[in-house]
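Survey of secondary and tertiary structure
Residue strings, one per chain:
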Amino acid sequence: MSKLNQKIYDIAIVGGGASGMMAAITASKNKASVILIEKNPQLGRKVLATGNGRCNLTNKFADVSRYHGGNSQFIESVLKNFDQFTTMNFFENLGLILKEENLGRIFPRSDQASSVVDALIGEIENQNIDIVLGNQVRKIEKVGEAFKIVLQDSREIITHKLILTTGGKSAEHLGTSGDAYFWLTKMGHTIADLYPALSPIEIKETWIKDVQGLKVEANVKTIVNNEKIHEKYGDSLFTHFGLSGPAAMAQAGFIGPFLGKSDVKISLDLFPEMELKKLDEKIISIISSNGAKQIKNVLAGLIPSNLAPIILSILKINPDKKAAEVSKVDRINISKILKNIELTISGVRPFKEAQVTHGGVNLDEVDVKTLESKIVPGLYFAGEILDVDGDSGGFNLQWAWSSGYLAGKSCAN
Ligand SMILES: Cc1cc2nc3c(=O)[nH]c(=O)nc-3n(C[C@H](O)[C@H](O)[C@H](O)COP(=O)(O)OP(=O)(O)OC[C@H]3O[C@@H](n4cnc5c(N)ncnc54)[C@H](O)[C@@H]3O)c2cc1C
């Protein structure tokens, strides 16, 4: 076996994704000799796939409330070191023009994720950072105070300090196969249970197949043993297996821990802006001026037309009945179901379909000020490998930039 370049690096970074590139740039700017190792043939492969290829790189409203994980004080402290405005300045200084879209989401003005990756690669080249591409790290060993990294082609790299930025387990086709969890467990770290997050939801009720392709704007709630554990307003899309779309996918990370153990349901409120009583009054008024029409046609004025017969069939109301003949009890039940379409969750789509990983390196084992391991001196972490996941909307990449910056800076110092 040969040592790569026979050089001992100050810092080696394993994982050339969002946080790895940020850590490499920051460490190098702080005068460390840096090598960045990536198993894909290119850097930032996942970043290229973000935001449907447009890269929603941060969010103007990023704050701790948009994150889920082991310790909110930890998350808040790391975000403060390099917040969304610093992120925007950082990219603008690299020559990237940014634009804001609804809900504070920030994109490159080019609408191309490749602009973001190119800007980072340009800076990495500028900083003379050594790069290894297309070579998976197979093994990591502590050798005295240093680390030995063994590559797929058997070459070895020796480094004083190591930053692990290998991401989570989601979207494995983009490189993230969760390799580091194994190394870390062997080194004495614990990994908070891993679940797919921002992933579509599988639903038991078979009628959903009849409305596949239908998009609804609704308040989506996850209910465990009759208690709401999470909710999000936005679009949901009916598919052949269940629900996709941002509001439904946002539930996934919360569902995982309860699946198979508790009664887990999802509830869609199609009229979150109206109290039940208001909605019922609205339906009374519509029925009073359209009493001669069939109830299915009257309902189609309120909700998508292919959903109307399904709602009526769930309530066992004849869809051809004249609206004026619908009983008070049935009418109230219509209002109730429009505010609470209850669906039984049978599963969450697997990691390969998830955008992020819930769970990861236990935050209690990491120094919040430096992101250094409390168990293995000289080992640092950044990005999704840690037990932190964010909402959709640019929050996950913001975590990668914030934590990548902090790990790179503190490691170099
Ligand atoms: C389809 C999709 C769309 C998304 N859209 C957005 C969005 O618009 N906005 C947003 O904020 N977030 C988005 N995310 C989430 C975001 O991309 C991630 O949270 C973020 O990239 C995590 O950064 P990271 O540096 O921790 O890991 P990654 O960017 O995943 O990088 C980890 C890198 O480590 C490498 N690696 C792993 N194991 C090894 C090994 N053994 N040896 C060498 N290299 C290794 C991998 O190949 C990978 O390149 C999206 C995710 C997906 C899947």
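Before reading on, note that the structure itself is shown above.
All of the points below concern the structure found in this document. Here the structure is a predicted model, which means the values were calculated and not measured.

Bringing the overall build of the chain into the picture now. Summing up its helical and strand segments, the chain has 13 helices and 20 strands in all. Split into buried and exposed, the 413 residues of the chain put 54% on the buried side. Taking as baseline every contact in the chain between residues at least 6 positions apart, the subset at least 24 positions apart corresponds to 72%. Working note: accessible area of the chain is about 17,900 Å², and carbon and sulfur atoms make up 48% of it. Averaging the locations of the 47 positively and 46 negatively charged side chains of the chain gives two centres separated by 3 Å.

For helix H13 (residues 395-412), with 18 residues, the first-to-last C-alpha span of 26 Å sits near the 26 Å given by 1.5 Å per residue. The buried fraction of H13 amounts to 15 of the 18 residues, a majority that puts the element mostly inside the structure.

With that out of the way, let us pick up the sheet that holds strand E14 (residues 227-238). Pairing is antiparallel around the closed barrel formed by six strands, whose spatial order is E12-E15-E14-E13-E16-E17. The sheet shows a mean angle of 45° between the axes of neighbouring strands, taken without regard to direction.

If you check the shell around the ligand, you find 34 residues, and the closest are Ser 19, Glu 38, Asp 179, Glu 384 and Leu 397. The contact in question runs from a nitrogen atom of the ligand to an N or O atom on the backbone of Asn 56, over 2.9 Å. Asn 396 has a polar backbone atom sitting 3.3 Å from an oxygen atom of the ligand. For the ligand, the protein covers 94% of the area, taking 1,000 Å² as the surface of the free molecule. Among the secondary structure elements, those contributing two or more residues to the shell around the ligand are helix H1 (18-29), helix H2 (45-49), helix H6 (179-186) and H13. For the shell around the ligand, the element with the highest residue contribution is H13, accounting for four residues. Across the shell around the ligand, the residue classes tally to twelve nonpolar, 17 polar and five charged.

All told, the structure shown has 23 salt bridges when counted by the stated rule. Between Glu 141 and Lys 148 there is a salt bridge, with its nearest N and O atoms 3.8 Å apart. Bridged by salt links that share partners, the residues Arg 54, Lys 99, Glu 101, Arg 105 and Asp 111 form one connected network.

It is worth spelling out the sheet that holds strand E6 (residues 105-108) at this point. The strand order across the open sheet built from three strands is E3-E6-E5, with neighbouring strands paired in antiparallel fashion. Since the sheet does not close on itself, it has two edges, and those belong to strand E3 (58-59) and strand E5 (98-100), each with one partner. Taken together, the two bridges between E3 and E6 define a ladder with antiparallel strand orientation. Each residue of the ladder has a partner; that of Asn 59, found in E6, is Arg 105.

Here we take up the pairing of strand E10 (residues 156-164). Within E10, seven of the nine residues are buried, which leaves the element mostly enclosed by the surrounding structure. Pairing of strand E9 (residues 146-151) with E10 involves four bridges; the strand directions are antiparallel. Within E10, the residue paired with Lys 148 across the bridge is Ile 158. Bridge analysis of E10 against strand E19 (residues 379-381) gives three bridges, and the strand direction is parallel. Across the sheet, residue Leu 162 finds its bridge partner in E19, namely Leu 379.

So, on to the packing of aromatic side chains. Applying the stated criterion to the full structure yields seven aromatic pairs. Relative to Phe 395, the ring of Tyr 67 has its centre 6.2 Å away and its plane inclined at 85°; by these criteria the two rings are edge-to-face. Linking Tyr 67 in strand E4 (residues 67-69) with Phe 395 in helix H13, this pair joins segments that are 328 residues apart in sequence. When sorted by exposure, Tyr 67 lands in the same class as Phe 395, which is buried. Taken together, a centroid distance of 6.4 Å and an interplanar angle of 55° make the contact between Tyr 67 and Trp 399 tilted. Here Tyr 67, found in strand E4, pairs with Trp 399, found in helix H13; they are 332 residues apart in sequence, far enough to count as distant.

What counts, and at which threshold
What you see as residue numbers is a count from 1 along each chain, following the sequence as written. Selection of residues for local features in this predicted model requires a pLDDT of at least 70, selection of side-chain atom pairs for listing and counting requires 80 or more, and totals for whole chains, interfaces and linings are taken over all residues. The side-chain numbers reported here are obtained from all heavy atoms of the structure, hydrogens and water having been left aside. By the criteria applied, helices consist of DSSP H or I runs no shorter than four residues and strands consist of E runs no shorter than two, each listed in order from the N terminus. Each residue's exposure class comes from its accessible area (1.4 Å probe, protein chains only) as a fraction of the maximum for that residue type: buried when under 20%, exposed when over 50%, partly exposed otherwise. Contacts: residue pairs with any heavy atoms within 4.5 Å of one another. What sets the accessible areas is the Shrake-Rupley method with a 1.4 Å probe; for residues, cover comes only from the shown protein chains. Counted as positive: Lys and Arg. Counted as negative: Asp and Glu, with His and the chain ends omitted from the count. The atoms used to mark charge sites are NZ of Lys, CZ of Arg, CG of Asp and CD of Glu. An expected span of 1.5 Å times one less than the residue number is assigned to each helix. A pair of strands is treated as paired once DSSP finds two or more bridges between them. All axes are obtained by fitting lines to C-alpha atoms, using only the stretch in contact for helices, and the reported angles, taken between N-to-C directions, cover 0 to 180 degrees. Neighbouring residues are identified by heavy atoms, a residue being near a molecule or strand if any of them is within 4 Å of it. Pairing of N or O atoms within 3.5 Å defines a polar contact, subject to two protein rules: one partner must be a possible hydrogen donor and the other a possible acceptor, and residues neighboring in sequence count only if both atoms are side-chain atoms. Under the scheme applied, nonpolar residues are Ala, Val, Leu, Ile, Met, Phe, Trp, Tyr, Cys and Pro; charged residues are Asp, Glu, Lys and Arg; polar residues are all the others, including Gly. A pair is scored as a salt bridge if a Lys or Arg side-chain nitrogen falls within 4 Å of a carboxyl oxygen belonging to Asp or Glu. Under the pairing criterion, centres of Phe, Tyr and Trp rings, with the six-membered ring standing for Trp, must be within 6.5 Å; the plane angle then separates stacked pairs below 30 degrees from edge-to-face pairs above 60, leaving the rest tilted.

Note that every value here comes from positions in space, so none of it alone points to a role or purpose.
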